[in-house]
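An overview of the molecular structure
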Amino acid sequence: MTDVTGVPVDVLQTLFHSAQGGHEQVVICQDRASGLKAVIALHSTALGPALGGTRFYPYASEAEAVADALNLSRGMSYKNAMAGLDHGGGKAVIIGDPDTIEAGRKTELLLAYGRFVASLGGRYVTACDVGTYVTDMDVVARECRWTTGRSPENGGAGDSSVLTAFGVFQGMRASAQHLWGDPTLRGRKVGVAGVGKVGRHLVEHLLSDGAEVVVTDVREESVRRITDPHPEVAVAVDTDALIRTEGLDIYAPCALGGALNDATVPVLTAKVVCGAANNQLAHPGVEKDLADRSVLYAPDYVVNAGGVIQVADELHGFDFDRCRAKAAKIFDTTLAIFARAKSDGIPPAAAADRIAEQRMAEARRH
């Protein structure tokens, strides 16, 4: 069933009447000439302009795309708050397969998208996400000055996946410190699901720290990019096999969301979950299931904040060393969350939410 605008009624129910709602603004964008269909969701601007990436993905339906935009933008509010940034949470999704669109039409589509972002007058700052790259942001920036994640030659900071991976690595070190009393991953077996933009950089950090690494990815070429220079890296046939790997210490979901669900949590062999993927918890309650199995969960939006730290810095004149220093603080932030979880008797995900919500509430009062 749809309303008069054609938007599924359940989406409006989510927006106005559910715990997952509370969004300030949701924009449905369409440009018939280029074929653009997009959703821009602004969850909160309490801390400042909403900041979050643009996901380009072949969703099965428009309703699925809207739901993803709502979930991702809400996550960005919490991520930006926990990263100490003066930005609220926003996210955009473009419906389609970026790998099958002809180059010229893709450029026109991204330009049209840039005009929609610009029409928000700075309430939303966009960047890269799954399916979009630095070159795409260069195109969007031709129509919109509220674009970050651009190439260095166009005044940007370049690939944000480098610092995203570095931040996840810091979250892993904090997890190891909390659980085993030592921040090194040396001798630990780490399974990485998804070795694309972020995952492959994460593998390099792990190998440099002496970890034993197992990887899997739906793309064979992504796996080969790891195993050709590093034949010591083991390969699991799929994620299901990876999470069941005997002796796994840490599981790092680095692909799409929903990796932790009713089917996967009961069979996890890892003692720690710490990865780059957004929205890893498939539904409320999964964080308690993890805690009940004594699996330490490092909240995704905390440990994967290195990228957003980078793109936020670009707005003020990018300095890599300054950003890396900020991303390194993810280690301390993660430890603080574990300490809060222990003192409050709640899972780490709930502890992180409480800290982020407190910062946003304080910002609204001023």
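Residue positions are counted from 1 within each chain, in the order its sequence is given. pLDDT decides what is reported in this predicted model: residues at 70 or higher carry local features, side-chain atom pairs at 80 or more are listed and counted, and totals for whole chains, interfaces and linings draw on all residues regardless. Excluding hydrogens and water, the side-chain figures rest on all heavy atoms present in the structure.

1. Focus on the overall build of the chain
Secondary structure assignment for the chain yields 14 helices and eleven strands. Computation of the radius of gyration draws on C-alpha atoms, with the globule rule given as 2.2 Å multiplied by the number of residues to the power 0.38. For 366 residues, the compact-globule estimate of 2.2 N^0.38 gives 21 Å, and the chain sits close to it at 20 Å. Taken over the C-alpha atoms alone, the chain extends approximately 55 × 45 × 45 Å along its principal axes. Residues classed as buried in the chain amount to 52% of the 366 residues present. Contact between two residues is taken to exist if any of their heavy atoms lie within 4.5 Å; hydrogens are not considered. Contacts in the chain between residues far apart in sequence, at least 24 positions, make up 64% of those at least 6 positions apart. About 15700 Å² of surface is accessible on the chain, with carbon and sulfur atoms providing 50% of the total. Charged residues are defined here as Lys and Arg on the positive side and Asp and Glu on the negative side; His and the ends of the chain fall outside this count. By convention, the point assigned to a charge is CZ for Arg, NZ for Lys, CD for Glu and CG for Asp. Here the chain holds 36 positive side-chain charges and 45 negative ones, and the gap between their average locations is 4 Å. Each helix is a run of DSSP H or I of at least 4 residues and each strand a run of E of at least 2, with the numbering of both proceeding from the N terminus. For each residue, the accessible area found with a 1.4 Å probe, counting protein chains only, is set against the maximum for its type, and the residue is called buried under 20%, exposed over 50%, and partly exposed in between. All accessible-area figures derive from a Shrake-Rupley calculation using a 1.4 Å probe, and residue coverage is judged against the displayed protein chains alone.

2. Considering the nonpolar core
Counting residues in hydrophobic clusters, the biggest one holds 39 residues, and the most contacted among them are Met172, Val192, Leu202, Val203, Leu206, Val213 and Val215. When sequence neighbours within four positions are dropped, the list of residues in contact with Met172 reads Leu185, Val190, Leu202, Leu206, Ile250, Ala252 and Cys274. In this text, buried Ala, Val, Leu, Ile, Met, Phe, Trp, Tyr and Cys residues form a nonpolar core when linked through side-chain atoms within 4.5 Å. Cys29, Leu42, Ala112 and Met137 belong to the second-largest nonpolar core, a separate cluster that totals 23 residues.

3. A look at the pairing of strand β4 (residues 88-95)
Burial analysis of β4 places seven of its eight residues in the buried class, which makes it a mostly covered element. Two strands make a pair as long as DSSP finds a minimum of two bridges between them. Of the pairings in the sheet, the one linking strand β2 (residues 36-44) to β4 comprises six bridges and is antiparallel in character. Across the sheet, residue Leu42 finds its bridge partner in β4, namely Gly90. Pairing geometry for strand β3 (residues 50-57) and β4, over six bridges, is parallel. Following the sheet pairing, Ala50 is matched in β4 by Gly88. Here is how to tell: hold the view so the strands point away, follow the path from the first strand over the helix to the second, and if it runs clockwise the crossover is right-handed. On the question of chirality, the crossover connecting β3 to the parallel β4 by way of helix α2 (residues 62-82) is right-handed.

4. A short note on helix α3 (residues 103-118)
Along an α-helix, residues three or four positions apart point the same way, because every turn accommodates 3.6 residues. What a helix should span is 1.5 Å times the count of its residues minus one. Look at α3: 22 Å from first C-alpha to last across 16 residues, which is about the 22 Å you get at 1.5 Å a residue. Where α3 is buried, its residues meet β1 (25-31), β2, β3, β4, β5 (124-128) and α4 (134-141). With a side-chain oxygen lying 2.8 Å from the backbone nitrogen of Gly104, the N-terminal cap of α3 falls on Glu102. Distance and chemistry together define a polar contact, namely a pair of N or O atoms within 3.5 Å, with one atom able to donate a hydrogen and the other to accept it when in protein, and with adjacent residues in sequence counting only for side-chain atoms on both sides.

5. Focus on the packing of aromatic side chains
Think of it this way: a Phe, Tyr or Trp ring, Trp meaning its six-membered ring, pairs with another when their centres are within 6.5 Å, and the plane angle makes it stacked under 30 degrees, edge-to-face over 60, tilted otherwise. Taken as a whole, this structure holds three aromatic pairs when the rule is applied. Measuring from centroid to centroid gives 5.1 Å for Tyr57 and Tyr59, while their planes differ by 70°, and the two rings are edge-to-face. Any Lys NZ or Arg CZ that is within 6 Å of a ring centre and within 35 degrees of that ring's normal is treated as a charge sitting over the ring. One residue, Arg188, lies across the ring of Trp180, its end atom 3.9 Å from the ring centre. If you follow Lys197 out to its NZ or CZ, it ends over the ring of Tyr133, 4.4 Å from the centre.

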